[in-house]
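# Observations on the model geometry
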Amino acid sequence: MNSIYLSTEQVILPVLGLDVAKKSIQAELRIAGKNVRFGFANNPKGFAQLARILDQHNAPKIWAGLEATGPYSHALALWLHARAHRVSVLNPRRVKQYARSAGNRNKSDRLDAAVVADFLCAHRPAAWRPPLQELV
C-alpha cells in the first residue's frame, strides 16, 4: 500500500516513513505507486530540503510517521504539523514489534523508514498534536 485513504476526510494521503537520528533523517515516501527513499539533515536546512522533495513529487499533504525519539524527533514533528501535514508520533517498541512480527530482522536506517511507512499503512495510528504552549 502506498497511500492511505481517510474516509472521514475523503482524501488520499501519501505516506512518509521517517527514521530520526540526532544529525540525520532517513525517509521513504510512498506516492503514486512509487517508493522514494532519501535522507536529509535533522535541522531547519534539512527540513527545507524535505519541503523541496515533497514539492518535486507533488505531495502538498502527507501522512508522516516517526518514532518518538525525544528531542531528536520533536522539532521535525512540530515542523510537519505547522505545515498542516498529518503526523503520527509512534511508540518505538510497537514499531519494533511490528517489524519482528513481519519477519524483518534486518536493521538499517533506510529499512527502519520503510518499516515505519508499513506500520502507518497497516495500523493507521492517531494523529499527533503538539502540547499546548501553556504546558510546554
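Note that the structure is predicted; figures quoted are calculated from it, not measured. Here the residue numbering is sequential within each chain, running from 1 through the sequence in written order. Side-chain atom pairs in this predicted model are given and counted only at pLDDT of 80 or more, local residue features only at pLDDT of at least 70, and totals for whole chains, interfaces and linings cover all residues. Derived side-chain values reflect all non-hydrogen atoms in the structure, with water molecules and hydrogen atoms excluded from consideration.

## Looking at the nonpolar core
By convention a nonpolar core is built from buried Ala, Val, Leu, Ile, Met, Phe, Trp, Tyr and Cys residues, the set being connected through side-chain atoms within 4.5 Å. Only protein chains enter the area calculation, which uses a 1.4 Å probe; residues under 20% of their type maximum are buried, those over 50% are exposed, and those in between are partly exposed. Ranked by size, the top nonpolar core spans 24 residues in total, and within it Leu16, Leu18, Phe38, Leu50, Leu76 and Leu80 carry the most contacts. Secondary structure elements follow DSSP: runs of H or I no shorter than four residues count as helices, runs of E no shorter than two count as strands, and numbering proceeds from the N terminus. Sorting the residues of this core by element identifies strand E2 (11-20), strand E3 (24-31), strand E4 (34-41), helix H1 (44-56), strand E5 (63-67) and helix H2 (71-82) as the ones contributing at least two each. If we skip the residues at most four places from it in the chain, Leu50 touches Leu16, Phe38, Phe40, Leu76, Trp79 and Leu80. Contacts are assigned to residue pairs that have any heavy atoms within 4.5 Å of one another.

## Focus: H1
How far a helix is expected to stretch is found by multiplying one less than its residue total by 1.5 Å. Here H1 spans 18 Å end to end across 13 residues, near enough to the 18 Å set by a 1.5 Å rise per residue. The complete set of buried residues in H1 reads Gly46, Phe47, Leu50, Ile53 and Leu54. The buried side chains of H1 occupy one side of the element, clustering within an arc of 110 degrees when seen end-on. Projecting away from the buried face of H1 at angles above 90 degrees are the exposed residues Pro44, Lys45, Asp55 and Gln56. Starting at the helix axis, one direction is taken to each C-beta atom, and the arc is that of these directions.

## Regarding the pattern of salt bridges
Put simply, a salt bridge is a Lys or Arg side-chain nitrogen that is within 4 Å of an Asp or Glu carboxyl oxygen. Enumeration according to the criterion identifies three salt bridges in this entry. The closest approach of N and O atoms between Glu28 and Arg37, which form a salt bridge, is 2.7 Å. For Glu28, a relative accessible area of 1% puts it in the buried group. Across the salt bridge formed by Asp118 and Arg30, the nearest N and O atoms sit 2.6 Å from each other. Within this pair, whereas Asp118 is found in helix H4 (residues 109-123), its partner Arg30 is found in strand E3, the two being separated by 88 residues in sequence. On the basis of relative accessibility, which here comes to 6%, the residue Arg30 falls in the buried class.

## Thoughts on the packing of aromatic side chains
Two rings belonging to Phe, Tyr or Trp (six-membered ring only in the last case) form a pair when the distance between their centres is within 6.5 Å. Interplanar angles under 30 degrees mark stacking, angles over 60 mark edge-to-face geometry, and anything in between is tilted. Tallying each qualifying case throughout the model produces three aromatic pairs. Aromatic pair Phe47 and Trp79: ring centres 5.6 Å apart, planes at 45 degrees, arrangement tilted. Of the two residues, Phe47 is situated in helix H1 and Trp79 in helix H2; the sequence distance between them amounts to 32 residues. For Phe47, a relative accessible area of 5% translates into the label buried.

## Notes on the confidence of the model for the chain
Residue-level confidence of the predictor, termed pLDDT, takes values from 0 up to 100. Looking at the chain, the pLDDT average stands at 89 and 86% of residues meet or exceed 70. Across the chain, element-level confidence peaks in H1 with a mean pLDDT of 98 and bottoms out in strand E1 (residues 3-6) with 55.

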